[in-house]
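Close look at the chain arrangement
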Amino acid sequence: MDMEHAASVIPWQRIYPLLIGGSCMPHRYTKNPEFNGLEEHVWEYLNTLGQTIPIIISERGRKYGGREDQRTSKNEPIWHNKGDLDTYVAKCLGLRMADYGADKSKNKLYKAVAGAIQDLRRRRVLIDWDNTGKNSSGVGIWRLDKTKLDRFVGERAKNEMAVSNFHADGAERTIYVRAKQGVFRDVLVSEYNRCTLCGFSLERYMIGAHIVPYSVMRIEDSDNAMNPRNGLLLCRICDVAFERCDIRVGPDLGVEVSDVLVDNRNRAVRKWIDSIVPQITVKKSAVYPPDPHYLKWKMRLCR
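Reading guide: rules and limits
Residues numbered from 1 in each chain as written. Predicted model: local features only at pLDDT ≥ 70, side-chain atom pairs only at ≥ 80, totals over all residues. Heavy atoms only, no water. Helix = DSSP H or I, 4+ residues; strand = E, 2+ residues; numbered from the N terminus. Buried < 20%, exposed > 50% of the residue type's maximum accessible area, 1.4 Å probe, protein only. Contact = heavy atoms within 4.5 Å. Areas by Shrake-Rupley, 256 points an atom, 1.4 Å probe, with all protein chains shown as cover. Disulfide = S-S within 2.5 Å. Patch = residues over 30% accessible without salt bridge, like charges linked within 9 Å, V, L, I, M, F, W, Y side chains within 5 Å. Salt bridge = Lys/Arg side-chain N within 4 Å of Asp/Glu carboxyl O. pLDDT = per-residue confidence, 0-100. Axes fitted to C-alpha atoms, helices over the stretch in contact; angles between N-to-C directions. Parallel < 35°, antiparallel > 145°, perpendicular 65-115°, else oblique. Left-handed = near helix turned anticlockwise from the far one by under 90°. Pairing = 2+ DSSP bridges. Core = buried A, V, L, I, M, F, W, Y, C linked by side-chain atoms within 4.5 Å. 1 Å grid on protein atoms, 1.4 Å probe; cavity = no way out; pocket = protein on both sides within 12 Å on 5 of 7 lines; lining within 4 Å. Points joined across faces, edges and corners; volume = space filled by probe spheres on them. Nonpolar A, V, L, I, M, F, W, Y, C, P; charged D, E, K, R; others polar.

1. Concerning the overall build of the chain
Secondary structure assignment for the chain yields 13 helices and seven strands. Each of the 303 residues in the chain was classed as buried or not, and the buried ones make up 48%. Sequence separation of at least 24 residues holds for 69% of the intrachain contacts in the chain that already meet a minimum separation of 6. For the chain, the exposed surface amounts to about 15700 Å²; the carbon and sulfur share of it is 50%.

2. Some details on the state of the cysteines
All told, the structure shown has one disulfide when counted by the stated rule. For Cys245, the disulfide goes to Cys302, at an S-S distance of 2.1 Å. Here the S-S torsion is close to -75°, and the disulfide linking Cys245 with Cys302 is therefore left-handed. Of the two residues, Cys245 sits in the loop between α10 (236-243) and β6 (247-249) while Cys302 sits in helix α13 (residues 292-302), which places them 57 residues apart along the sequence.

3. Quick word on a nonpolar patch on the surface
Together, Phe200, Leu202 and Tyr205 give the surface a local cluster of nonpolar side chains, amounting to about 270 Å² of exposed area. Take Phe200: its relative accessible area is 38%, and that puts it in the partly exposed class.

4. Thoughts on the confidence of the model for the chain
For the chain, per-residue confidence averages 82 on the pLDDT scale, and residues scoring 70 or more make up 75% of the total. Segment residues 1-21 is flagged for pLDDT under 50; beyond a separation of four residues in sequence, or across chains, it makes 33 contacts in the model. Within the model, pLDDT remains below 50 along residues 59-72, and this stretch shows 32 contacts once partners closer than five positions in the same chain are excluded.

5. So, the packing of helix α7 (residues 146-162) against helix α8 (residues 175-192)
Helix packing geometry: the angle between the two helix axes and the distance between the axes. Taken N-terminus to C-terminus, the directions of α7 and α8 make an angle of 55°; their axes are 8 Å apart at the nearest point. With respect to α8, the axis of α7 lies oblique. Like other packed secondary-structure pairs, α7 and α8 cross with a definite hand, here right-handed. Mapping the contact onto sequence places Leu149, Asp150, Val153, Gly154, Ala157, Lys158, Glu160 and Met161 in α7 and Ile175, Tyr176, Ala179, Lys180, Val183 and Phe184 in α8.

6. Structural notes on the pattern of salt bridges
Where charged atoms from two side chains of opposite charge come close, those side chains can pair. The tally for this structure, following the rule as stated, stands at ten salt bridges. Notably, a salt bridge pairs Arg96 with Asp99, separated by 2.8 Å at the nearest N-O pair. Assigned by exposure class, Arg96 and Asp99 land together as exposed. Here Arg270 ties to Asp274 by a salt bridge, and the two come within 3.5 Å at their closest N and O atoms. Taken together, the positions of Arg270 and Asp274, both in helix α12 (residues 267-275) and four residues apart, correspond to about one turn of that helix. Connected through salt bridges with shared partners, the residues Asp119, Arg122 and Arg123 form a single ionic network.

7. Concerning the pairing of strand β3 (residues 141-144)
Looking along a regular strand, one sees side chains alternate from face to face of the sheet. Side-chain alternation along β3 places Ile141 and Arg143 on one buried face and Trp142 and Leu144 on a second face that is also buried. Two elements, strand β2 (residues 126-128) and β3, share three bridges in a ladder whose sense is antiparallel. Across the sheet, residue Asp128 finds its bridge partner in β3, namely Trp142.

8. Some words on the nonpolar core
Counting 73 residues, the largest nonpolar core has Leu38, Val42, Leu120, Leu197, Val249 and Trp272 as its most contacted members. Counting residues per element, this core draws most heavily on α8, at ten residues. Not counting residues within four places of it along the chain, the set of residues in contact with Leu120 comprises Val42, Trp43, Leu46, Val125, Leu126, Leu149 and Phe152.

9. Some words on the layout of surface pockets
Within this model, the largest pocket holds a volume of roughly 310 Å³. Forming the boundary of the largest pocket are 15 residues, of which Glu172, His210, Pro213, Tyr214 and Glu243 lie nearest the centre. For the lining of the largest pocket, the elements supplying multiple residues, two or more each, are α8, β4 (206-210), α9 (214-220) and α10. Looking at the lining of the largest pocket residue by residue, the classes come out as seven nonpolar, four polar and four charged. The computed volume of the second largest pocket comes to approximately 200 Å³. Taken together, Lys82, Gly83, Asp86, Met97, Ala98, Gly101, Ala102, Lys104, Asn107 and Tyr110 make up the lining of the second largest pocket. Here the lining of the second largest pocket is built from residues that sort into four nonpolar, three polar and three charged.

And the structure:
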C-alpha cells in the first residue's frame, strides 16, 4: 500500500510525526561501530511505535492476490513501511539516510537496518505476514512477538553483563535498558539476598538501586551505568529513603540516617528505623562490593 492510500485508512498526519519525531537516546552497542546503537533503535521502534492496522492486511491481500490473514486481530501489532523505520533510526543516530546514497544496494545504513530486521525474522521475533499460505517474505509486513523480543533482548543484556559490558545510556523506559536493569538487579540479589540496609528479605520487594542515579550515570559515565559496583540491593522503602538522601552510605559503608527519620515518632517508622544497620556488611565472596568512588559521588550529590 502506498502512503496516499494509508492516509485514507488511518490519520497518518498525526501518526507519522510520532514515528520519526520521537525522542531518541544515543547508544553504543551495535555490531557495526559506524552505526552506534542501530539495533537498539530498531528494537524500540518495533516495540513502541508500530501501528495496529488490520485494514492494511486486507488491502495487501487484495493487492497481492491473496486472502486476508484471519489470524490477525485488532490486538496484534502490525509494523510496515520500512521507510519510516529507516528514517526513525537515522534520526536517532543523528544521520541522514540520503547521505549514504539513493542506491539501496550500496546504501550501508539502509542495509544495516535491513540486517537487524533480517536477524529478528530469522529468530522468529518478527513473523512475516503470510497472505497466501506460503512464505511471503517480500511483502514487508511483520507481526512482532513481544515475548520473544523481550527474551532476545534479555539474553543480549545478560551476555553483555557476563563480559563486564556495563554500558547503557538510553532512556530507562526502553526495552534494552529495562533488560539490562533486570540483570543488574539479579546480580545484586545473588550478592546480598536481602535489603542491605534493613535486612528485609522478600525478594519480590527488592530493587537493584543505583548508588549514583542511572540518570546521572548514563550521561557522565555511561560505560559503567549498569556496573553492579554502583549498586545496592534495597527494599522499596529503603530505596526511596536512599534516593532522597534521608539514608546515606559513606565510602567506609557506614550508614547515616537523617534527622527527618530519626525524629519521627510514628511507631511503624520507629520500628523500621531501628532495623537499619549502622554498617553495611559485604560477603567476603562478593564479586561486586560497593565501590567507594560511587559512594563518595553519591554523598556529593546529597549535599
